[in-house]
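Tertiary structure, described
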Amino acid sequence: MSTVFLNGDYLPMEEARISPMDRGFLFGDGIYEVLPSYQGKMIGFDLHMTRMNNGMASIGIELGWDNARWRELCDTLINANGGGNLALYLQVSRGADTRRFHAYPENVTPTVFAFTFEIPAEPVADKSRVAYRVVTDRDLRWERCHIKSTALLGNVLHFQQGYQQGADETLLFNERAELTEASACNAYIVKNGVVITPPLDNHKLPGITRYILLDLLRKDGRIPVEERVVTKDEVYNADEVWVTSSSKEVVPVIAVDGKAIGNGEIGDVWLMAQQIYSAGKYDY
């Protein structure tokens, strides 16, 4: 029986209850984060908290928690759920109102909910890593993808499309056939030894793993990095394709829309990048 946090209380998951009038339930009116932890050590805690606070500010949720309070919550949940390899899910909704009305209500208290779930052991930097096969689709989500909102129906629909085709992810492209991201990950290509990823804007989530990876690669200096527009043709003709997320780290992609990427095997640049990421990820 897992222990969760809900509005100041730690309790069994089965006993957690929210009001059906909670705006997170009715409107998807909330912000969330997912942090990986391995044997009690979290990755990118301050970066995740900064993004969460930015997200709440962008939609006008005022909670007033500092990082120390969030860290205490996370540490308590990790310990209560046995440590090991756990991801922490943190969610803040605007709270429960007395009526269903689109405008922000006044004088409601935000709902804070958090729980853990098991994740695989830390990825290792070797070519035994399971690689992804992905499909592509036109990006049909909203224009504020930089906000990590709980309103994820657009992402869910894109992920489901790939899932039904037997794919591990769906790469998304705008109306100009330019790569934005994947349904649940940031995306990259490698060409002639250079790692290339689309620049951040309102169509892309500022991924924490993305930030850490690019920062570590630039500090290491052995692998050049570019942030620029990436076309669909460039994806198909890339030497390597990767996706990243907090719970998956850096995942190699060996096929896109049934077409092999490079030689159809995990690439050497990925191997070096994963080694660099593994060595430095706890410094954030």
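We now turn to the structure provided with this report. (Residues numbered from 1 in each chain as written. Predicted model: local features only at pLDDT ≥ 70, side-chain atom pairs only at ≥ 80, totals over all residues. Heavy atoms only, no water.)

**Let's talk about the packing of helix H5 (residues 208–220) against helix H7 (residues 268–280)**
Where H5 meets H7, the closest approach of the two axes is 9 Å, and the angle between their N-to-C directions is 105°. Between H5 and H7, the angle falls in the class roughly perpendicular. Here Thr209, Ile212, Leu213, Leu216, Leu217 and Asp220 of H5 come into contact with H7, specifically with Ala273, Ile276, Tyr277 and Gly280. (Axes fitted to C-alpha atoms, helices over the stretch in contact; angles between N-to-C directions. Helix = DSSP H or I, 4+ residues; strand = E, 2+ residues; numbered from the N terminus. Parallel < 35°, antiparallel > 145°, perpendicular 65-115°, else oblique. Contact = heavy atoms within 4.5 Å.)

**Observations concerning the sheet that holds strand E4 (residues 41–42)**
Pairing within the open sheet is antiparallel, and its six strands lie in the order E2-E1-E6-E5-E3-E4. Of all strands in the sheet, those with a lone pairing partner are strand E2 (9–12) and E4, marking the two edges. Pairing analysis gives nine bridges linking strand E3 (residues 30–38) to strand E5 (residues 85–93), with the strands arranged antiparallel. Residue pairing across strands places proline 36 opposite alanine 87, the latter belonging to E5. Docked against the sheet, helix H3 (residues 67–80) engages strand E1 (3–6), E2, E3, E4, E5 and strand E6 (111–118), running at close to 135° with respect to E5. (Pairing = 2+ DSSP bridges.)

**Considerations on the pairing of strand E14 (residues 249–256)**
The buried fraction of E14 is high, at eight of eight residues. Relative to E14, strand E7 (residues 132–138) runs parallel, the two being bridged by three bridges. Residue pairing across strands places arginine 133 opposite alanine 255, the latter belonging to E14. Taking the residues between adjacent antiparallel strands as the criterion, strand E13 (residues 240–245) and E14 are bridged by three residues. Judged from the two bridges that link them, E14 and strand E15 (residues 259–260) form a sheet pairing that is antiparallel. Residue alanine 255 lies in a different strand from E15, and its bridge partner there is alanine 260. The turn linking E14 back onto E15 is made up of two residues, and aspartate 257 within it adopts a positive phi angle of 55°. (Buried < 20%, exposed > 50% of the residue type's maximum accessible area, 1.4 Å probe, protein only.)

**Let's talk about the nonpolar core**
Counting 33 residues, the largest nonpolar core has Val195, Leu213, Leu217, Ile223, Trp242 and Tyr277 as its most contacted members. Looking at which element gives the most residues to this core, the answer is H5, with six residues. In this structure, valine 195 is in contact with Tyr188, Ile189, Val190, Leu217, Ile223, Pro224, Val225, Glu226, Trp242 and Val269, ignoring residues within four places of it in sequence. Counting residues in hydrophobic clusters, the runner-up holds 23 residues, among them Met52, Trp65, Cys74 and Ala114. (Core = buried A, V, L, I, M, F, W, Y, C linked by side-chain atoms within 4.5 Å.)

**Considering the pattern of salt bridges**
Working definition: two side chains of opposite charge can pair if their charged atoms are close together. Tallied over the entire structure, the rule returns 18 salt bridges. Close ionic contact of arginine 176 with glutamate 175 constitutes a salt bridge, the shortest N to O distance being 2.9 Å. Relative accessible area serves as the criterion here: at 53%, arginine 176 is assigned to the exposed category. Relative accessible area serves as the criterion here: at 53%, glutamate 175 is assigned to the exposed category. (Salt bridge = Lys/Arg side-chain N within 4 Å of Asp/Glu carboxyl O.)

**With respect to empty space enclosed by the protein**
In the structure shown here, the tally under the stated rule is two cavities of 30 Å³ or more. Considered as a void within the structure, the largest cavity measures approximately 40 Å³ in volume. Residue lining of the largest cavity: Thr180, Glu181, Asn186, Ala187, Thr197, Pro198, Leu200, Lys204 and Arg210, and that is the complete set. Listing elements by their share of the lining of the largest cavity, those giving two or more residues are strand E9 (179–182) and strand E10 (186–191). When its residues are assigned to classes, the lining of the largest cavity shows three nonpolar, three polar and three charged. Put simply, the parts of the chain that give the lining of the second largest cavity at least two residues each are E13 and E14. In terms of residue count, the dominant contributor to the lining of the second largest cavity is E14 (three residues). For the lining of the second largest cavity, the per-class residue count stands at five nonpolar, one polar and three charged. (1 Å grid on protein atoms, 1.4 Å probe; cavity = no way out; pocket = protein on both sides within 12 Å on 5 of 7 lines; lining within 4 Å. Points joined across faces, edges and corners; volume = space filled by probe spheres on them. Nonpolar A, V, L, I, M, F, W, Y, C, P; charged D, E, K, R; others polar.)

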